[in-house]
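Structure assessment
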Amino acid sequence: MELPDFMSYANKFTQSDFVDKIAKIAKRAGAKLVYAALILYYTLQSDKVSAANKAMIIGALGYMISPLDVIPDAIPIAGLSDDLAVLLFVLKKVWTDVDPDIQEKAKARLSKWFDNDEIDEIKDLFDQDS
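Since this is a predicted model, take the numbers as computed values, not measurements. The numbers attached to residues start from 1 for each chain and follow its sequence in the written order. Given that the model is predicted, a residue must reach a pLDDT of at least 70 before its local features are reported, and side-chain atom pairs must reach 80 or more before they are shown or counted; all residues, however, enter totals for whole chains, interfaces and linings. Hydrogens and waters are ignored; side-chain quantities use all the structure's heavy atoms.

**Quick notes on the overall build of the chain**
This is how it is decided: Under the DSSP-based scheme used, a helix requires at least four consecutive residues in state H or I and a strand at least two consecutive residues in state E, with every element numbered from the N terminus. For every residue, the accessible area obtained with a 1.4 Å probe (protein chains only) is divided by the maximum for its type, and the residue is called buried under 20%, exposed over 50%, and partly exposed between those limits. Contacts are assigned to residue pairs with any non-hydrogen atoms lying within 4.5 Å of each other. In short, Shrake-Rupley with a 1.4 Å probe defines the accessible areas, and a residue's cover is counted only from the protein chains shown.
Regarding its fold elements, the chain presents six helices and zero strands. Secondary structure elements of the chain, listed N to C terminal, follow the sequence α-α-α-α-α-α. Buried residues in the chain amount to 48% of all 130 residues. At a minimum sequence separation of 6, the contacts of the chain that also span at least 24 residues come to 75%. Roughly 6900 Å² of accessible area belongs to the chain as shown, and the carbon and sulfur atoms make up 52% of that amount.

Right under this line is the structure:
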């Protein structure tokens with residue numbers, strides 16, 4: 001899958017829209033997508049992250065929030081695959097800025113929407129063929 005120009009979606013990102021979108025799609029999206037999005041969201045709030053990496057994160061989260069993307073989110077199963085690909089791409093780029101505390105905070109937040117078996121799926125987050 002070729003990645004879209006997710007940076008053009010930076011203006012779509014707001015904190016409140018992010019929280020609303022995650023709450024709406026959590027179960028349908030799956031633990032991996034939600035975990036990746038939460039890590040990026042919490043990393044964005046860190047003062048240790050460069051402006052360039054924050055811009056990439058904002059673009060990726062804006063892409064996830066936007067209803068207008070390469071594969072519309074309303075399409076069952078495939079609809080969120082492009083969102084996951086963008087999130088994983090950016091997560092890999094900024095991984096050195098992700099503190100273990102951020103990973104734990106994101107994992108703890110998953111328990112709001114997922115049970116332990118579903119949360120276990122995040123262990124192979126980077127084993128996705130995206």
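**Describing the packing of aromatic side chains**
The following threshold applies: Any Phe, Tyr or Trp ring, taking Trp's six-membered ring, that has another such ring centre within 6.5 Å forms a pair; planes under 30 degrees apart are called stacked, those over 60 apart edge-to-face, and the others tilted.
Counted according to the given criterion, the structure contains four aromatic pairs. Considering the side-chain rings of Phe18 and Tyr41, the 4.4 Å spacing of their centres and the 15° angle between planes classify their relative orientation as stacked. Residue Phe18 is located in helix 1 (residues 15–29), and its partner Tyr41 is located in helix 2 (residues 31–44); the two are separated by 23 residues in the primary sequence. As far as burial versus exposure is concerned, Phe18 and Tyr41 are alike and both buried. Taken together, Phe13, Phe18, Tyr41 and Tyr42 form an aromatic cluster joined through their ring pairs.

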